[in-house]
Each structure stands twice: as structure tokens, then as C-alpha cells.
Amino acid sequence: MTDVLNFLSAYLIPVFVVAVPLYALFFKKVPIYSSFTEGAKEGFETGIMIIPYLVAMLCAIGMFRASGAMDWLVAVLEPVTSIVNMPAEVLPMGLMRSLSGGGAQGLCADLLETYGTQSQIGRVASVAFGSTETTFYVLAVYFGAVGVTNTRQSMLAGIAGDLFSLIMAAIIVNIMWF
């Protein structure tokens, strides 16, 4: 089974990248180059449109971390995380993941470098990083770009999903490795 997975992981994406345009060209008769350039143009316009929202969100994240609010929140939530046997060291990465994927990636890399990839902290951080979403990034950037102003239900659903994913990451890692 491992050999099959290794083979698929090495060749599936390149085959997919070649097969989709060929299918579009020969079976659907899609002008792939003009479709690609039109999509790239729309992507560039969207990028320009979301820059103000992105800058505002990144400034807010910087202020949140610099003010010490992240450390305070971790200290307050530590008794709760101990219930599911989640290492307190993972909590800042879990909280940052809802705000910024890049910030969370940096925190996860620090955890992996400090504690190792085979440690409980490293495993919980890795699973949590891969199973949570950048909820506030999506709300600020994408919803802001299309003019959605009432994000209450989306925010609650996103936070609930992130919280559940973070808790389940700790539980599953504890079941599988400890």
C-alpha cells in the first residue's frame, strides 16, 4: 500500500496538470490559452481589490500579538485545553490559524523545530494546522472584497469549526500515538 501511495503522490499532480488542459482542448474545444489569460486577468483584479482588507487584517493581528492579548488568552484557556490533553504550547498556533495562515505556519514551524516532529506537541500542531481554517482571513478579505457585511453566522460557524478541529486534533493524536 505504501508503494501505491508513494507512486500516486509522485505522479498524480503532474498527470492532473497535463490531463485537464488536454481534456478541455480536445473534448470540450475550450480555447485554453485565452481562458487562462482571462482567468489570470480576473485573478489580478481580485488581488488588487482585496489588498486593503488584507492590510487591515494584518495590522490587527500585529496589534493583537504585540499587546500581549495572545499570551493572556493562552493563559486563560490553558485549564480548558488540559481537559483534552492538548499541550498549551500548541494553543497560540491554533488561535493564530483562525487569523492568519502565514502566522500560524511560522508558529507551527517554531514548535516543530523546538519540540521535534515526532513529539506530541509537533504532532498535535501539525494535525491542527492541517485541519483548521483561516476563518477571519476569509471573512475580512474575501467577504470584504465582494461586499458581504453581515458575517455573523459565518463567523460563528467558522470559529466553531476551528475549535472543533483543534480539539479533535489533540484527541486523535492522543489516541493514535500515546
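Right, let's walk through the structure included here. This one's a predicted model, so the numbers in the text were calculated from it and none came from an experiment.

1. Details of the side chain of Arg-97
Thinking step 1. Structurally, Arg-97 is set in helix α4 (residues 91–99).
Thinking step 2. Notably, Arg-97 is buried but unbridged: the nearest opposite-charge side chain belongs to Glu-133, and the N-O separation is 5.4 Å.
Thinking step 3. Of the polar contacts made by the side chain of Arg-97, one reaches the backbone oxygen of Phe-129; its length is 3.1 Å.
Thinking step 4. Discounting residues that sit within four places of it in the chain, Arg-97 has contacts with Ala-104, Phe-129, Thr-132, Glu-133 and Thr-134.

2. Concerning the packing of helix α6 (residues 120–131) against helix α8 (residues 152–177)
Describing two packed helices takes the angle between their axes plus the distance from one axis to the other.
Thinking step 1. At their nearest, the axes of α6 and α8 sit 9 Å apart, and the two run at 135 degrees to each other. Taken together, the axes of α6 and α8 lie oblique to each other. The crossing of α6 and α8 is right-handed. Contacts from Gln-120, Arg-123, Val-124, Val-127, Ala-128 and Ser-131 of α6 reach α8 at Ser-165, Leu-166, Ala-169, Ala-170, Val-173, Asn-174 and Trp-177.
Thinking step 2. Of the residues belonging to the contact of α6 with α8, the class tally is eight nonpolar, four polar and one charged.

Thresholds, definitions, all that
Residues numbered from 1 in each chain as written. Predicted model: local features only at pLDDT ≥ 70, side-chain atom pairs only at ≥ 80, totals over all residues. Heavy atoms only, no water. Helix = DSSP H or I, 4+ residues; strand = E, 2+ residues; numbered from the N terminus. Buried < 20%, exposed > 50% of the residue type's maximum accessible area, 1.4 Å probe, protein only. Lys, Arg positive; Asp, Glu negative; His and termini not counted. Salt bridge = Lys/Arg side-chain N within 4 Å of Asp/Glu carboxyl O. Polar contact = N/O pair within 3.5 Å; in protein donor to acceptor, adjacent residues only side chain to side chain. Contact = heavy atoms within 4.5 Å. Axes fitted to C-alpha atoms, helices over the stretch in contact; angles between N-to-C directions. Parallel < 35°, antiparallel > 145°, perpendicular 65-115°, else oblique. Left-handed = near helix turned anticlockwise from the far one by under 90°. Nonpolar A, V, L, I, M, F, W, Y, C, P; charged D, E, K, R; others polar.

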